[in-house]
Amino acid sequence: MEIERKFLVDPMPKALETFVKKSIEQGYLSTNPVVRIRKMNEEYFLTYKSSGMMERQEVELPLTKEAYEHLREKVDGRVITKDRYLIPYEMWTIELDCFHGELEGMVLAEVEFSSVEEANHFQGPVWFKKEVTFEKEYHNSYLSQAEKLPDFS
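Residues numbered from 1 in each chain as written. Predicted model: local features only at pLDDT ≥ 70, side-chain atom pairs only at ≥ 80, totals over all residues. Heavy atoms only, no water.

### Concerning unusual backbone geometry
Then step 1. Here the bond from Asp10 into Pro11 is cis, since omega is 0°, no more than 30 degrees from zero.
Then step 2. Examined against the element boundaries, Pro11 turns out to sit in the loop between strand E1 (2–9) and strand E2 (20–31).
Then step 3. Here the bond from Asn32 into Pro33 is cis, since omega is 0°, no more than 30 degrees from zero.
Then step 4. The backbone phi angle of Ala15 is positive, close to 60°, even though this residue is not glycine.
Then step 5. You can see Ala15 is positioned in the loop between E1 and E2.
Then step 6. Judged by relative accessible area, Ala15 falls into the partly exposed class, the value being 33%.
Then step 7. At Asn41, a residue that is not glycine, the phi angle is positive and equals roughly 55°.
Then step 8. Along the chain, the position of Asn41 falls in the loop between strand E3 (34–40) and strand E4 (43–49).
Then step 9. Residue Asn41 is classed as partly exposed on the basis of its relative accessible area, which comes to 35%. (Helix = DSSP H or I, 4+ residues; strand = E, 2+ residues; numbered from the N terminus. Buried < 20%, exposed > 50% of the residue type's maximum accessible area, 1.4 Å probe, protein only.)

### Re the pattern of salt bridges
Then step 1. Under the defined criterion, the tally for this structure stands at 16 salt bridges.
Then step 2. Asp97 is the salt-bridge partner of Lys82, the closest N and O atoms lying 3.0 Å from each other. In this pair, Lys82 sits in strand E7 (residues 80–89) while Asp97 sits in strand E8 (residues 92–99), placing the two residues 15 residues apart along the sequence. Like Lys82, the residue Asp97 is buried in the burial classification.
Then step 3. In this structure, Arg84 engages Glu95 in a salt bridge whose closest nitrogen and oxygen atoms are separated by 3.6 Å. Residue Arg84 is found in strand E7, and its partner Glu95 is found in strand E8; the two are separated by eleven residues along the sequence. The burial state of Arg84 is the same as that of Glu95; both residues are buried.
Then step 4. Shared partners join several salt bridges into a network, and the residues in it are Glu4, Lys6, Lys82, Arg84, Glu95, Asp97 and Glu110. (Salt bridge = Lys/Arg side-chain N within 4 Å of Asp/Glu carboxyl O.)

Spelled out as structure tokens, the structure:
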């Protein structure tokens, strides 16, 4: 089970270069249900996610590079590229996604939790500007298909 909350960010945290960074490319074979392929650095994954906003089932399977490249040709909509910074915060890790390409300028922070109760009690850092967990326009599966993109500011 994946339990996560999403936030817009302002201002950007300082010294991003000091944190672990992962380069991500991902595309969607389906958005209902969500079936995603992802390249993260030199690792490849196929992921299924059930419906839901903060809490949903997630199954992730490894792919070979060849399988990823074959499936990439079948992606529906835009391929999303972003850099993900892993920022320690209290007992959690903030995943700060800085998007590229058509989504350049969008920055989203995600935090995963072990329970809904933990998620509901979470207080983020001051640079978490606005929560967008329950706004579908900020979910990657939506962004991969959207003709009109949400306001990144």
